[in-house]
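Survey of secondary and tertiary structure
Listed here are the chains, written in short residue letters.
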Amino acid sequence: MKVGKDRAEEIRVTYIGGGSKEWAWKFMIDLALEESLHGTMTLYDIDRPAAEENAIVGNQITARLESRGKWHYQVGDSLEASLEGADFVIISILPGTFDEMESDVHLPERLDIWQSVGDTAGPGGMVRALRTIPMYVEIAEAIRKVCPDAWVLNYTNPMSLCVKTLYQVFPEIKAFGCCHEVFGTQEMLARMCREVLGEADISREDILVNVMGINHFTWFTECVCRGQDLFGTYARFIDEHEGEGFDDPAASWMDSPFHGAHLVKFDLFRRFHAIAAAGDRHLAEFMPGDSYLKDPMTVNSWKFGLTSVDFRRAQQVSKLARRKRFVRGEEQPELKPSGEEGVQLMKALAGLSRVVSNANLPNRGQIANLPVGAIVETNAVFSADSVKPVMAGEMPEAIRELTMPHVENHELILQAALTCDRELVVEAFLHDPLVKAKCTDRETIAQLVDDMLWNTRNYLPKQWFQA
């Protein structure tokens, strides 16, 4: 990488999961819109034809006159070959197929355990982690061997366990997890401010927050807009939107399970006096299973959705068809910012700016009363070859009590994955708040674990099934 006063050239980026149906395009467009960064991106994917199609799309994007950042997209032959010379590594993979995801999300329903996402917490998130961790062991080992000084940006879920695995295998790795859930909450608060304060030019960047928590269960313990503390404004706003919620103007919770009316957020604020900073469908999975996810009727009453795997399958068909149109030149991606900050973080790490953004990193005291080494999400300062987490302080005790079962399960599931220990998985299931509220019988839970492991066997080491 060559860095000048206001421009970095010959940057080498490796994108693991380069056959992505959506995330890769977003990243390519953000790179095209950033005039100070230029280089080569190597797309690596176990589905090589998908990566080849994305390379065509990427090179079409960079050839457009309105593209200010100029990039060459190519396909890597192997993981290690793709990592050669990398300055940055992006990891955005789908661990397994929709068949495995269907088991993750829907098999626990036989015990009346409902999951709104199934990729982070709950039985689905834990089993997804079990098949993801071996992949991340391989990735971390390859980075340590080939490009140990590269910065690694992880977008894959379950975020906490992906990042935890990278550091377990390669403690000196320069890795962090990126998540946009905080941005969505800031945008909701900016909309609130525009409505309540009558200032039309307020954006999410004006919402200054102290972030603390674990991924998808993050909280704002401080929140200011243009010098005004927003906690009182938020409390009054919640009262005004009692029952109805606050729908996105572009789409309501009834249009897509990815939308919500923020009623879970509002309720959590009333209960814990901090602003929950993730989508309702994520937040609900960290809470006891007899609350927001008691049953589908209860979910509907809170105005968010259960993200079924059939819905995701339909989305994939649409995305694949769209990529074919891109490749054939029948349609062009719209060059507009994605709202993600990955490219801006790269720019800061290259030494061209300084950015404060939320990041998932090992706890080194940034949350004083969570275990050292746990993967936590706080703000961090990004600058030249440096990521320094912001000291967020102590987590409020009531929120800490909700968070700790998940932090403890991260350790159980990591060790289970590394040792192929079924009993640790059973312990983690029994410890999970969604599960505990619905079933505490060890034998019944052990059978659920066995069935879910069997359904994801194609992505697990054979030791799992040896007597």
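Our subject is the structure that appears above.
Residues numbered from 1 in each chain as written. Predicted model: local features only at pLDDT ≥ 70, side-chain atom pairs only at ≥ 80, totals over all residues. Heavy atoms only, no water.

Before going further, it helps to examine the overall build of the protein. Regarding its fold elements, the protein presents 17 helices and 14 strands. In summary, the protein has a C-alpha radius of gyration of 22 Å against a globular reference of 23 Å for 467 residues, a match within 12%. Once the C-alpha set of the protein is aligned to its principal axes, its extents read approximately 65 × 55 × 45 Å. Counting the 467 residues in the protein, one finds 58% classified as buried. (Helix = DSSP H or I, 4+ residues; strand = E, 2+ residues; numbered from the N terminus. Rg over C-alpha atoms; globule rule 2.2 N^0.38 Å. Buried < 20%, exposed > 50% of the residue type's maximum accessible area, 1.4 Å probe, protein only.)

Glancing now at the nonpolar core. Formed by 129 residues in total, the largest nonpolar core has its most connected members in V89, F176 and F382. No other element matches the 12 residues that helix 5 (residues 122–146) contributes to this core. The contacts of F176, once residues within four sequence positions are left out, are W151, V152, L153, N154, V163, L345, L349, A359, N360, L361, F382 and V387. Within the second largest apolar cluster, 26 residues are counted, among which are A190, I207, C223 and F237. (Core = buried A, V, L, I, M, F, W, Y, C linked by side-chain atoms within 4.5 Å. Contact = heavy atoms within 4.5 Å.)

Before going further, it helps to examine the environment of G19. Locating G19 in the fold gives a position in the loop between strand 2 (8–16) and helix 1 (23–33). Sequence-wise, G19 and L94 are 75 residues apart; in three dimensions their C-alpha atoms are separated by 10.0 Å. Setting aside residues no more than four positions away along its own chain, G19 makes contact with D45, A50, A51, N54 and R323.

Where helix 1 contacts helix 13 (residues 342–349), the two axes come as close as 9 Å, and the packing angle between them is 50°. Classified by the interaxial angle, the pair formed by helix 1 and helix 13 is oblique. Between helix 1 and helix 13, the residues in contact are F27, D30 and L31 and G342, V343 and M346, respectively. (Axes fitted to C-alpha atoms, helices over the stretch in contact; angles between N-to-C directions. Parallel < 35°, antiparallel > 145°, perpendicular 65-115°, else oblique.)

For strand 3 (residues 37–44) and strand 4 (residues 71–75), the ladder comprises five bridges, and the chain directions are parallel. Counted as the bridge partner of L43 is V75 from strand 4. Following the chain from strand 3 across helix 2 (residues 48–63) to the adjacent parallel strand 4, one finds a crossover that is right-handed. (Pairing = 2+ DSSP bridges. Right-handed = clockwise from strand over helix to strand, strands pointing away.)

This part is about unusual backbone geometry. Residue P158 is bonded to the preceding N157 through a cis peptide linkage, with omega at 5°. Backbone geometry at E10 places phi at a positive 55°, although glycine is not the residue there. Along the chain, the position of E10 falls in strand 2. In the Ramachandran plot, H273 falls in the positive-phi region, its phi being about 60° despite a non-glycine side chain. Within the secondary structure, H273 sits in the loop between helix 9 (263–272) and strand 11 (275–276).

Following the criterion strictly, the structure yields 16 aromatic pairs and no others. With a centroid separation of 6.4 Å and an interplanar angle of 80°, the aromatic rings of F27 and Y155 are classed as edge-to-face. Linking F27 in helix 1 with Y155 in the loop between strand 6 (151–154) and helix 6 (159–169), this pair joins segments that are 128 residues apart in sequence. Note on accessibility: F27 and Y155 belong to one class, buried. Ring centres of F237 and F266 lie 6.2 Å apart, and the angle between their planes is 85°; on these two criteria the pair is classed as edge-to-face. Placement of F237 in helix 8 (residues 231–240) and of F266 in helix 9 is noted, with a sequence separation of 29 residues between them. The pair formed by F237 and F266 is uniform in burial state, with each residue classed as buried. A network of ring pairs unites the aromatic residues F231, Y234, F237, F246, F266 and F269 as a single cluster. The aromatic ring of F183 is capped on one face by R204, whose charged end is 4.1 Å from the ring centroid. (Phe/Tyr/Trp six-rings, centres within 6.5 Å; stacked < 30°, edge-to-face > 60°. Lys NZ or Arg CZ within 6 Å of the ring centre and 35° of its normal.)

A few words on the state of the cysteines. Evaluated as defined, the whole model comprises zero disulfides. This cysteine, C162, is not joined by any disulfide, and C179 carries the nearest cysteine sulfur, 12 Å off. (Disulfide = S-S within 2.5 Å.)

Here the focus is the packing of helix 1 against helix 2. Following both chains from N to C, one finds helix 1 and helix 2 inclined at 20°, their axes separated by 10 Å at the closest point. Of the possible angle classes, the one that applies to helix 1 and helix 2 is roughly parallel. Handedness of the helix 1/helix 2 crossing: right-handed. Each of A24, W25, M28, I29 and A32 in helix 1 lies in contact with helix 2, whose residues at this interface are N54, V57, G58 and I61. Grouping the amino acids of the contact of helix 1 with helix 2 by side-chain chemistry returns seven nonpolar, two polar and no charged. (Left-handed = near helix turned anticlockwise from the far one by under 90°. Nonpolar A, V, L, I, M, F, W, Y, C, P; charged D, E, K, R; others polar.)

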